[in-house]
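Observations on chain architecture
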Amino acid sequence: MRTDRHLLTAMHLTQLSSYFIGFGGLIIPLIIWLSTKNTVRDMDEHGRNAVNLQLSLILYIILSIPAILLLGLGILTLIGAAILGFVLPIVNAVRASNGESPSYFLTIPFI
C-alpha cells in the first residue's frame, strides 16, 4: 500500500462539488474511495467517513423539507446541513494532509 496524502485531501475536497453540480459531492468521493481503497493507506477510513457524511446530509435535507411545512424549524436544519457540508470537508482535508484521522461529527454510520 502506498501513502498518498494528496489524494486523501482531494477526495475530501471533492465533496464541495455538490455546491456546483448537485450530487457530485457523493458520486466523486464514492468513485475515488471504491477505486483506491485497497491501494492507498487510510483511504478506506477517509472514504467511508466522507460517503457517510454525504448520505447523512442527504437524509437531513430530505427530512427538513417536511419540517419546514410542519414546524418551520426545517429551515434551521437546512442551514445547518449547508454549513456542515461546507466546513467539515475542508477541516478533514486539512486533517488528511497532516496525516490525521477524519472527524465527521453528526454523521450516521451507514457504511
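Residues numbered from 1 in each chain as written. Predicted model: local features only at pLDDT ≥ 70, side-chain atom pairs only at ≥ 80, totals over all residues. Heavy atoms only, no water.

Further remarks concern the overall build of the protein. Each helix and strand in the protein was counted, giving five helices and zero strands. When its helices and strands are written in sequence order, the protein yields α-α-α-α-α. Relative to the compact-globule value of 13 Å for 111 residues, the protein shows a C-alpha radius of gyration of 14 Å, a close match. For the protein, buried positions account for 36% of its 111 residues. Put simply, 66% of the contacts in the protein that link residues at least 6 apart link residues at least 24 apart. Put simply, the protein shows about 6,300 Å² of open surface, and 71% of that area lies on carbon and sulfur atoms. Mean positive and mean negative side-chain charge positions of the protein (6 and 5 charges, respectively) differ by 3 Å. (Helix = DSSP H or I, 4+ residues; strand = E, 2+ residues; numbered from the N terminus. Rg over C-alpha atoms; globule rule 2.2 N^0.38 Å. Buried < 20%, exposed > 50% of the residue type's maximum accessible area, 1.4 Å probe, protein only. Contact = heavy atoms within 4.5 Å. Areas by Shrake-Rupley, 256 points an atom, 1.4 Å probe, with all protein chains shown as cover. Lys, Arg positive; Asp, Glu negative; His and termini not counted. Charge placed at Lys NZ, Arg CZ, Asp CG, Glu CD.)

Buried together is how nonpolar side chains tend to be arranged in soluble globular proteins. By size, the foremost hydrophobic cluster in this structure holds 16 residues, and its most contacted members are Met-11, Met-43, Leu-53, Leu-57, Leu-88 and Tyr-104. Counting residues per element, the ones that place at least two in this core are α1 (5-13), α3 (24-36), α4 (43-70) and α5 (74-97). Examining the composition of this core, we find that five residues originate from one element, α4, more than from any other. In this view, Met-11 contacts Pro-29, Ile-32, Met-43, His-46, Gly-47 and Ala-50; residues no more than four positions away in its chain are not counted. (Core = buried A, V, L, I, M, F, W, Y, C linked by side-chain atoms within 4.5 Å.)

Let us look at the packing of α1 against α5. Direction vectors running N to C along α1 and α5 enclose 175°, while the axes themselves pass 8 Å from each other. With respect to each other, α1 and α5 are oriented roughly antiparallel. Here α1 contributes Arg-5, Leu-8, Thr-9, His-12 and Leu-13 to the contact with α5, which in turn contributes Pro-89, Ile-90, Asn-92, Ala-93, Ala-96 and Ser-97. Here the contact of α1 with α5 is built from residues that sort into six nonpolar, four polar and one charged. (Axes fitted to C-alpha atoms, helices over the stretch in contact; angles between N-to-C directions. Parallel < 35°, antiparallel > 145°, perpendicular 65-115°, else oblique. Nonpolar A, V, L, I, M, F, W, Y, C, P; charged D, E, K, R; others polar.)

This brings us to the layout of surface pockets. Within this model, the largest pocket holds a volume of roughly 290 Å³. Around the largest pocket sit 15 residues that line it, and Ser-18, Gly-22, Gln-54, Leu-57 and Ile-61 are the ones nearest its centre. Looking at the lining of the largest pocket, the elements with two or more residues in it are α2 (18-21), α3, α4 and α5. Among the elements that line the lining of the largest pocket, the one with the most residues is α4, at five residues. Its residues assigned to classes, the lining of the largest pocket comprises 10 nonpolar, five polar and no charged. (1 Å grid on protein atoms, 1.4 Å probe; cavity = no way out; pocket = protein on both sides within 12 Å on 5 of 7 lines; lining within 4 Å. Points joined across faces, edges and corners; volume = space filled by probe spheres on them.)

Where α1 meets α4, the axes come as close as 10 Å, and the angle between the chain directions of the two elements is 5°. Taken together, the axis directions place α1 and α4 in an arrangement best described as roughly parallel. Each of Leu-7, Leu-8, Met-11 and His-12 in α1 lies in contact with α4, whose residues at this interface are Met-43, His-46, Gly-47 and Ala-50.

Read these as spatial facts, not as claims about activity.
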